[in-house]
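# Fold and contact review
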There are 4 protein chains.
Amino acid sequence: MAIRGEVAHLGHFELLTPKPSESLWFFEQVMGMEREAEEGGSVYLRGFGDYERYCLKLTESETSGMGHLALRASSQEALDRRVEALERSGAGIGWIDGDVGHGPAYRFSDPDGRTFEIYWESERYSPPAQLRPAMLNQQQKRTGRGVGVRRLEHLNFVSPEVRSCRRFLEDELGYRSLEIIELDDGREYGAWLTATVQGHEIIYILEHQPVRGRLHHAAFWVDTREEVLRAADLFQDAGIFIEAGPAKHTPIHSFYLYVYEPGGNRIEVTSGGYLVFDPAPDATTIWHEAEYKSSRAWGRAFPPSFDTYATPPYEEPAAGA
Amino acid sequence: MAIRGEVAHLGHFELLTPKPSESLWFFEQVMGMEREAEEGGSVYLRGFGDYERYCLKLTESETSGMGHLALRASSQEALDRRVEALERSGAGIGWIDGDVGHGPAYRFSDPDGRTFEIYWESERYSPPAQLRPAMLNQQQKRTGRGVGVRRLEHLNFVSPEVRSCRRFLEDELGYRSLEIIELDDGREYGAWLTATVQGHEIIYILEHQPVRGRLHHAAFWVDTREEVLRAADLFQDAGIFIEAGPAKHTPIHSFYLYVYEPGGNRIEVTSGGYLVFDPAPDATTIWHEAEYKSSRAWGRAFPPSFDTYATPPYEEPAAGA
Amino acid sequence: MAIRGEVAHLGHFELLTPKPSESLWFFEQVMGMEREAEEGGSVYLRGFGDYERYCLKLTESETSGMGHLALRASSQEALDRRVEALERSGAGIGWIDGDVGHGPAYRFSDPDGRTFEIYWESERYSPPAQLRPAMLNQQQKRTGRGVGVRRLEHLNFVSPEVRSCRRFLEDELGYRSLEIIELDDGREYGAWLTATVQGHEIIYILEHQPVRGRLHHAAFWVDTREEVLRAADLFQDAGIFIEAGPAKHTPIHSFYLYVYEPGGNRIEVTSGGYLVFDPAPDATTIWHEAEYKSSRAWGRAFPPSFDTYATPPYEEPAAGA
Amino acid sequence: MAIRGEVAHLGHFELLTPKPSESLWFFEQVMGMEREAEEGGSVYLRGFGDYERYCLKLTESETSGMGHLALRASSQEALDRRVEALERSGAGIGWIDGDVGHGPAYRFSDPDGRTFEIYWESERYSPPAQLRPAMLNQQQKRTGRGVGVRRLEHLNFVSPEVRSCRRFLEDELGYRSLEIIELDDGREYGAWLTATVQGHEIIYILEHQPVRGRLHHAAFWVDTREEVLRAADLFQDAGIFIEAGPAKHTPIHSFYLYVYEPGGNRIEVTSGGYLVFDPAPDATTIWHEAEYKSSRAWGRAFPPSFDTYATPPYEEPAAGA
């Protein structure tokens, strides 16, 4: 019943890369994350503000895209209730024993077939000597290396059926939709969902290719817009392709910067935006297509690749296939 | 049980001022708030991001301090459950019909005797033509006047019994304590509480005078630390006394700037800090006195007035009284 | 010889507008400038940091564009030497008695026929009571109204002969060229000139229409990039068209935001960039076309209007004319 | 005669340290500078924006303080004229052959006996492959390591005779005094001098100990106030003592942060402030003691150590000595 609050927050996600050493260089040296563990072909990386051990599991793979997304429940009881609901819904897959840093996790699928997990038991991060911070309420020292991201902020997925995916998160996991863009043809172009008051944690936007389950981007948080601007300078000097930004998003008003990491996945560095405190069920901002197009933040549109590129990349079937 | 989430957020507070026109000038012209209503000797003022009609009720009075603090429940059912609990606890006072912009509210007292209210029914703000914004997901146009605060961020109270007040908010209203400072003598020096994931909404710190119920400060949010720095320039040119800051707080790491508004109340302009996502009951950071004193953010201490001044001002009883 | 240093800085410029009251609203209410004087159909406006009385003379006219640009010499002797050189060069027009706030000025033309003036005698600004600042080294109180520009930063002109214009400023006025973009066809696409160490004061870029003497934009300075971002929000809510930015310029690395004021002139709000201290004659950065195109700051290009729109607007002659 | 402009800018300074490896760690790892050369017990370090090879020569020594300050002349002729004047003035010492990165330099003393040098011939920096930047008008790639200072901004000396030192720089080297603080007893408390339009390059403030020739601090520039705030976080986590700031200076309004590097020298990270364009001889802001004390920026005073600590440290002679 009182579903809201049963998912506490995004735990971590697994990113697949066909270029593991270059991707590792990107996240460690350019993004400034720390290697917390390595196991079975995966490297586990953390932002300086993660209270858990990591937020990114980087895994070598034949292609790019997301492996899975793991959500932390707000208690053991909340986990049990969500699992029961997920099993009832038909989306359930089953339990796994856990992974580095967390206990048993229940696997399920979103309507597009992406793998999600939900868990409760979690290890609190304990820094090694060289990362010990000055203050008790810091998880880790700031090293001053690279962009210096604090934490994972949101995941953005592309889906042919934004509405179904959105309703699945609302109905089975208690997410709130803060903003929805509706197209004139009745489909939803995008939905911005959160389990807390922060502007967004999971986003679905429309897939334009005949595929399912792709990742649009993963966004990491820095504390200020100035750090997003600084990141743009660092990316350019590091030879990282900048696709769009720094600029202001129309939904949530967050400040964005999109790049492609060496494995091909689109990564966002983000800050700002607003918190949404209104608890009312009708608090969602619903944009109609024309409203959205005519009042974009700072009048800025995205480059065409923003609507077509996602990972793994889509390849047109060969003629005659 | 499942108290968490039943209080949605701070609604508004009533600030008492012996200099109503000067205080109004401060909040409207210097802080950049909008007059949304005037009724019965009070002026209702809003930040540009308030989805409700206002966050500040400014009321003429013989002295300074806080009139009441109003909290919004997250639903009618949540309100009913909180009222039932408050009545049981003995803290309840009773219902009032409502006020500008909100419906019936239940009054109760914190352990120091401050007046709190909790309500559910609320009018969503609808801007007049001259304040209509460019985008659908903005509540109001940014006027560019003065500091330009977005919303009320937190209230800080001084109390001779921080621990009792903290436990009252936890037990009866579902607040989480994110940080607590414990003195060597066993008392608590301060407690930082929230009903969401944002760093703080209500703070209690130790009262050093033989009085109860005083206000340490009310804090308004701006989106960036740069706007806090800009505010310091505006305050100095406007002749407003700056007591401390801009600088970084040790708890929550938010960026602060403290001034006294013409009515004598301490007002903070704040930004930054971190969100606390860890849902675990033991996620509170507990500082022991020595730890806190030896690792303050940027090594900075407050001026002595920070520990003694609150509103209404304390006046020593005349000798022989 | 020893020309360098004889022009001290940009004094002010005259902007022509066919919509004087709307343009005045823009500069006063949105840009946050102060009306310092009104005389003969012109309003004289100042930024909060101008030590002279004003930097903008806004004049009603049939069309848009620049009336004149006035430069302050660094001494009476420097003025005399420049006038002598200008007379010799054939660019001289003659003396005028002065204008609000400054003494005798010598008029001359740049190679495109724009009117420039150079003067030495200047009144230092003295603020009225309501604009008196808190500190001795401030020219004026910060009012907190609108964007809040400090001063005029640079003027950008479009010219069919960038090289001639650049050499004129170098040879007759002692400007340094900090950056030059050279096209493959041998023409110069742009030249960034300064009389001091600040990144640019006068810019010429290529005119694509068969006209001479147009204004590309006038740029006003704010102290931080965050204020440029804040300006973008204010412009959008005020209904001002944003053409490009906020983003980073390739030459000088300054942070830009371009809008059209109601009279049609392009106005930039700018901050950041670097100072150029190298005094050597060969310190100019010379970009070849391909280098410039392949390494733009943050990979960002301008919208097409940036290369075609200037004021006064160019109108194609009617067919058969 | 036309002295102004003959000194182009600060070239570099030599900092003495009794803890060379710890000081090197500070400048390289925490401040983010690059090692450009090592020779004869000195390490030569650069900011990312230096067009010359370095701005800091770090030299092992028995105690702390400054070795010498080197100024770049604006041409060979300017150098010759300054040397002639310095010889006439009695402050001259004589020529040295040069040092890493620059040609012959003329040594002289300021009135306190500090060693200054002035030179013209200078090597332009050429980055190695791993520091090659993305754009032609950058000197070097931004590595994203540590604070990331762009360049040396100013040197601040303590002197028992501020007025004599100031006049020496004005009369022999063409510096302008932008701000002067005069004490009630007729002495000058401080003088802020520049050779360009930037707010300050050399500062003298009053020495309170019976010694001459000490260094108050050396200041390095970052492009934004946000980077100064970021630096404060990095310093705290790196265990570097923060003496004062981040906050706003009263003269020049620059944003400051003072720390002690491991060798004991006070180092400032600075940004912001204003450029001074007024070329008039009477453009200096002269503060009388009371004016200065009553209108400090943001009402903030320095800690007592700011008036007493300088390098090398002063040690009271033993009693009876």
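Further up the page is the structure itself.
What counts as what
- Residues numbered from 1 in each chain as written.
- Chains lettered and ligands numbered in written order.
- Predicted model: local features only at pLDDT ≥ 70, side-chain atom pairs only at ≥ 80, totals over all residues.
- Heavy atoms only, no water.
- Least-squares fit on C-alpha atoms with pLDDT ≥ 70 in both.
- Contact = heavy atoms within 4.5 Å.
- Axes fitted to C-alpha atoms, helices over the stretch in contact; angles between N-to-C directions.
- Helix = DSSP H or I, 4+ residues; strand = E, 2+ residues; numbered from the N terminus.
- Parallel < 35°, antiparallel > 145°, perpendicular 65-115°, else oblique.
- Nonpolar A, V, L, I, M, F, W, Y, C, P; charged D, E, K, R; others polar.
- Buried area = accessible area lost by both parts, 1.4 Å probe.
- Salt bridge = Lys/Arg side-chain N within 4 Å of Asp/Glu carboxyl O.
- 1 Å grid on protein atoms, 1.4 Å probe; cavity = no way out; pocket = protein on both sides within 12 Å on 5 of 7 lines; lining within 4 Å.
- Points joined across faces, edges and corners; volume = space filled by probe spheres on them.
- Pairing = 2+ DSSP bridges.
- Buried < 20%, exposed > 50% of the residue type's maximum accessible area, 1.4 Å probe, protein only.
- Patch = residues over 30% accessible without salt bridge, like charges linked within 9 Å, V, L, I, M, F, W, Y side chains within 5 Å.
- Areas by Shrake-Rupley, 256 points an atom, 1.4 Å probe, with all protein chains shown as cover.
- Lys, Arg positive; Asp, Glu negative; His and termini not counted.
- Charge placed at Lys NZ, Arg CZ, Asp CG, Glu CD.
- Phe/Tyr/Trp six-rings, centres within 6.5 Å; stacked < 30°, edge-to-face > 60°.
- Lys NZ or Arg CZ within 6 Å of the ring centre and 35° of its normal.

## Describing the relation of the copies chain A and chain B
Structural alignment of chain A on chain B gives an RMSD of 0.0 Å, achieved by rotating through 180° and translating 0.0 Å along the axis. Taken together, the rotation and translation describe the operation of a two-fold axis. Interface residue correspondence from chain A to chain B reaches 100%, placing this contact among same-surface, isologous pairings.

## Comments concerning the packing of helix H2 (residues 76-89) of chain B against helix H3 (residues 162-173) of chain B
Residue and element names in this part refer to chain B. Two elements in contact, H2 and H3, have axes whose closest approach is 9 Å; the angle formed by their N-to-C orientations is 130°. Classed by the angle they form, the pair H2 and H3 counts as oblique. Contacts between H2 and H3 involve Arg 82, Ala 85, Leu 86 and Ser 89 from the first element and Phe 168, Glu 172 and Leu 173 from the second. Looking at the contact of H2 with H3 residue by residue, the class counts come to four nonpolar, one polar and two charged.

## Comments concerning the relation of the copies chain C and chain A
Overlay of chain C on chain A (RMSD 0.0 Å): rotation 180°, translation along the axis 0.0 Å. When the interface residues of chain C are mapped onto chain A, 100% of them are again interface residues, pointing to one common binding face.

## Examining the interface of chain C and chain A
Interface size is commonly expressed as the accessible surface area that is lost when the partners come together. Every contact between the two is made by 17 residues of chain C and, on the other side, 17 residues of chain A. With both sides pooled, the region where chain C packs onto chain A buries about 1,400 Å², and carbon together with sulfur makes up 41% of that total. For the pair chain C and chain A, the interface holds four salt bridges. If you list the elements that add at least two residues to the side of chain C that touches chain A, you get helix H4 (225-238) and strand S14 (242-248) of chain C. The element contributing the most residues to the side of chain C that touches chain A is H4 of chain C, with seven residues. Looking at the side of chain C that touches chain A residue by residue, the class counts come to seven nonpolar, three polar and seven charged.

## Let's talk about empty space enclosed by the protein
One pass over the full model with this rule turns up 16 cavities of 30 Å³ or more. Estimates place the volume of the largest cavity at around 830 Å³. What lines the largest cavity is a set of 49 residues, and nearest its centre among them are Trp 221 and Asp 223 of chain A together with Trp 221, Asp 223 and Gly 272 of chain B. A breakdown of the residues in the lining of the largest cavity according to their chemical character gives nine nonpolar, 17 polar and 23 charged.

## A word on the sheet that holds strand S11 (residues 188-194) of chain C
Residues and elements named next belong to chain C. Read from one edge of the open sheet, nine strands run S14-S15-S16-S13-S9-S12-S11-S10-S17, paired in mixed fashion. Because the sheet does not close on itself, it has two edges, and the strands there are S14 and strand S17 (285-288). Here the strands of the sheet are splayed against their neighbours by 15° on average, with no regard to which way each runs. As defined by bridge partners, strand S13 (residues 214-221) adjoins strand S16 (residues 266-272) across four bridges and the pair is classed as parallel. Paired with Phe 220 across the bridge in S16 is Val 269. Here helix H3 (residues 162-173) sits on the sheet in contact with strand S9 (151-159), strand S10 (176-182), S11 and strand S12 (202-206), set at roughly 15° to S11.

## Overview of the pairing of strand S15 (residues 254-260) of chain B
Residues and elements named next belong to chain B. Extensive coverage of S15 is indicated by the burial of seven of its seven residues. Both faces of S15 are covered, namely the face carrying Ser 254, Tyr 256, Tyr 258 and Tyr 260 and the face carrying Phe 255, Leu 257 and Val 259. Relative to strand S16 (residues 266-272), S15 runs antiparallel, the two being bridged by five bridges. Pairing of Ser 254 across the sheet is with Gly 272, part of S16. Counted between consecutive antiparallel strands, the loop separating S15 from S16 contains five residues, among which Gly 264 sits at a positive phi close to 105°.

## Here's the deal with the pattern of salt bridges
Counted according to the given criterion, the structure contains 112 salt bridges over all chains. Residues Arg 114 of chain B and Asp 110 of chain B are paired through a salt bridge, measuring 2.7 Å at the closest nitrogen-oxygen approach. For Arg 114 of chain B, a relative accessible area of 5% puts it in the buried group. In this structure, the salt-bridge partner of Arg 72 of chain C is Asp 278 of chain D, at a minimum N-O distance of 3.2 Å. Placement of the pair is Arg 72 of chain C in strand S5 (residues 65-73) and Asp 278 of chain D in the loop between strand S16 (266-272) and strand S17 (285-288), with the two residues belonging to separate chains. Here the salt bridges share partners, and the residues they tie into one network are Asp 110, Asp 112, Arg 114, Glu 161 and Arg 212 of chain A.

## Focus on the interface of chain A and chain B
Counting residues at the interface gives 42 residues for chain A, matched by 42 residues for chain B. Summed over both sides, the interface of chain A with chain B buries roughly 3,100 Å², with 63% coming from carbon and sulfur. Among the residues chain A hides against chain B, the three largest losses belong to Leu 136, Asn 137 and Phe 277 of chain A. Together they make up 21% of the total. Our count for the contact surface shared by chain A and chain B stands at six salt bridges.

## Focus on a negative patch on the surface
Where like charges cluster on the molecular surface, the negative patch consists of Glu 77, Asp 80, Glu 84 and Glu 87 of chain A. Within the secondary structure layout, Asp 80 of chain A lies in helix H2 (residues 76-89).

## Digging into the packing of aromatic side chains
This model, assessed by the stated rule, comprises 76 aromatic pairs over all chains. In this structure an aromatic cluster arises from ring pairing among Phe 13, Phe 26, Phe 27, Phe 220 and Phe 235 of chain A. Here the basic side chain of Arg 225 of chain B rests over the ring of Phe 255 of chain B, its NZ or CZ set 5.7 Å away from the ring centre. Above the ring of Trp 120 of chain C, the side-chain terminus of Arg 72 of chain C is found at 4.3 Å from the ring centroid.

## Focus on unusual backbone geometry
Of note, the amide linkage connecting Gly 245 of chain D to Pro 246 of chain D takes the cis form, showing an omega dihedral of 0°. Its place among the elements puts Pro 246 of chain D in strand S14 (residues 242-248). Cis geometry is found at the peptide bond from Thr 311 of chain D to Pro 312 of chain D, where omega equals 0°. Assignment of secondary structure puts Pro 312 of chain D in the segment after helix H6 (305-308). Its identity is not glycine, yet Trp 298 of chain B carries a phi of approximately 55°, on the positive side. Tracing the backbone shows Trp 298 of chain B in the loop between helix H5 (289-294) and helix H6 (305-308). At His 253 of chain D, a residue that is not glycine, the phi angle is positive and equals roughly 65°. Turning to its location among the elements, His 253 of chain D is positioned in the loop between S14 and strand S15 (254-260). On the basis of relative accessible area, His 253 of chain D is assigned to the buried category, the value being 11%.

## Here we look at the side chain of Ser 254 of chain A
All names here are of chain A. Within the element layout of this structure, Ser 254 appears in strand S15 (residues 254-260). Under the relative-accessibility criterion, Ser 254 is labelled buried at 1%. With sequence-adjacent residues up to four places away left out, Ser 254 is seen in contact with His 200, Ala 247, Lys 248, His 249, Thr 270, Ser 271, Gly 272 and Gly 273.

The quantities given are spatial measurements derived from coordinates; they are silent on function.
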